[in-house]
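An overview of the molecular structure
Letter by letter, the chains look like this.
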Amino acid sequence: MPSSGRTFGKAGIGVRRCRRIAAAVAASLLLPIGASDAGWLSDIFKDKSKPGHSPEHTTSPTRTARAKVAASPKRHVERRAASNPDASKPIATLCDPAKFRIIVDVGHTAKSEGAISARGVAEFAFNLHLAQRIEQKLKAAGFAGTRLLVTEGNARPSLVRRVTVANDLPADIFLSIHHDSVPNKLLEDWDFEGNKRHFSDRFSGYSVWVSRNNPDFKTSLAFAELLARQMKARGMTYAHQYTEAIMGHYQHPLLNKDTGVYSYDELIVLRKTHMPAVLLEAGSIINRDEELKMDSPERRDIISSGVAAAMKQFCDSRSAAHPDVAAKTPSQDHPPQDQPAEGAKPEAGSR
């Protein structure tokens, strides 16, 4: 990258020409930076260590190009600016989905299954099926760098593992997929196919979660807002119960009462990831009617299409100001604490 402090000591160069050359060099600093290579996630579960991607570079303008810019008549520049007022404005380059790197995290593991649905199905199965459909939709939308993150083992080690893997990758966004439940005290009993099961039809809906302790909270919130709006635009309603006293210590601040974006500041996968991170509770599987919807291909298509649309908006907003992501950052009401939370979902284990 050329230095903006370069001096010219050679005799015979006039003051005006020096200023023109300096302006040309300064203009070169606004050139877009070349993208890094696309091989960013090779066999991560074989524990192969790879060096980080090489630093990105810009190419300095040649001596001939600088001289040509410096020699351009001033009146020519003024005439072009007068005929086209936008000519002097920097041109925003839209995000290239093919180079936009997304981690779709499958919540929980086969061993630590998360919540159990009203009909006895583990949350992990719901998470995996939806995450796979989201991956397909994102790739079909051009996001070739989308990867599923599936971990194994018990709750706590799997959390550490998924955060470690995510932080080792140069991802642009981390999206964790989950399905919701309720605290045990709100469960009722029923008989399903000869087995005693638990349910709660009292609550339903999606919710979107961020941590105000994420190192890039503002960007996390921007994507959360886009995602929540897409869910709402597709006819879904968000879960309101996390603001109610009946939830006890499972209550959490509602950052947007219109779209259903909540904060859970100490949630490990949101707080410990180095990139913007959002968690989607796609719906309640402890609600008997909503469980059937969540298990349908139609509902998975609706949700995954919403995720793809939100991701496209978010991708574009990374290189140009976008009105849909002009979210205000809420005040830091809850400073970082020493003890990380074990889970956002009531009675459902760790995130």
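Conventions adopted
Each chain carries its own residue numbering, running from 1 in the written order of its sequence. Two thresholds apply to this predicted model, a pLDDT of at least 70 for residue-level local features and 80 or more for giving and counting side-chain atom pairs, whereas whole-chain, interface and lining totals are computed over all residues. The side-chain quantities take in all heavy atoms of the structure and omit both hydrogens and water. Elements are defined by DSSP. Helices are runs of H or I of four residues or more, strands are runs of E of two residues or more, and each kind is numbered from the N terminus. Categorising residues by exposure relies on relative accessible area from a 1.4 Å probe, with only protein chains included: less than 20% of the type maximum marks a residue as buried, more than 50% marks it as exposed, and the intermediate range marks it as partly exposed. Contacts are assigned to residue pairs that have any heavy atoms within 4.5 Å of one another. Only the protein chains shown count as cover for residues, and all accessible areas are computed by the Shrake-Rupley method using a 1.4 Å probe. Nitrogen and oxygen atoms within 3.5 Å of one another constitute a polar contact, given that in protein one can donate a hydrogen and the other can accept it, and given that sequence-neighbouring residues count only through two side-chain atoms. Remark: nonpolar core denotes a set of buried residues (Ala, Val, Leu, Ile, Met, Phe, Trp, Tyr, Cys) joined through side-chain atoms within 4.5 Å. Expected helix span is computed as 1.5 Å times (number of residues minus one). Working definition: the arc comes from the directions between the helix axis and the C-beta atoms, pointing outward to the latter.

1. Points about the overall build of the chain
A count of helical and extended segments in the chain gives nine helices and nine strands. A total of 351 residues make up the chain; the buried ones form 45% of that total. The contacts in the chain between residues at least 6 apart in sequence include a share of 77% that link residues at least 24 apart. As presented, the chain carries roughly 18,300 Å² of accessible surface, and 52% of it is formed by carbon and sulfur atoms.

2. Let's talk about the environment of Arg-288
With respect to the helices and strands, the residue Arg-288 is situated in helix 8 (residues 288–294). For Arg-288, a relative accessible area of 22% translates into the label partly exposed. Remark: the alpha-carbon pair of Arg-288 and Arg-202, spanning 86 residues in sequence, is separated by 9.9 Å. Here Arg-288 is in contact with Ala-118, Arg-119, Trp-190, Phe-199 and Asp-201, once residues within four sequence places are set aside. One polar contact links Arg-288 to Asp-201, side chain to side chain, over a distance of 2.6 Å.

3. Notes on the nonpolar core
Membership of the largest hydrophobic core comes to 69 residues, with the highest contact counts inside it found for Phe-100, Leu-138, Val-208, Phe-223, Leu-227, Ile-303 and Met-311. In this view, Ile-303 contacts Leu-130, Met-231, Met-236, Leu-280, Ala-282 and Met-294; residues no more than four positions away in its chain are not counted.

4. Some details on unusual backbone geometry
Phi is positive for His-108, which is not a glycine, with a value near 70 degrees. As for its placement among the helices and strands, His-108 is situated in the loop between strand 1 (102–106) and helix 4 (123–140). Notably, Glu-193 is not glycine yet its phi reads approximately 50 degrees, a positive angle. Here Glu-193 lies in the loop between strand 4 (188–192) and strand 5 (195–199). In this structure Glu-193 comes out as exposed when scored by relative accessible area, which is 67%.

5. Some words on helix 5 (residues 155–167)
Between its terminal C-alpha atoms helix 5 stretches 18 Å, which fits the 18 Å expected from 13 residues at 1.5 Å a residue. Within the sequence span of helix 5, burial applies to Ala-155, Ser-158, Leu-159, Arg-162, Val-163, Val-165 and Ala-166. Looking down the long axis of helix 5, one finds its buried residues gathered within 165 degrees of arc, a one-sided arrangement. Packed against the buried residues of helix 5 are strand 1, strand 2 (146–149), strand 3 (173–180) and helix 7 (268–271).

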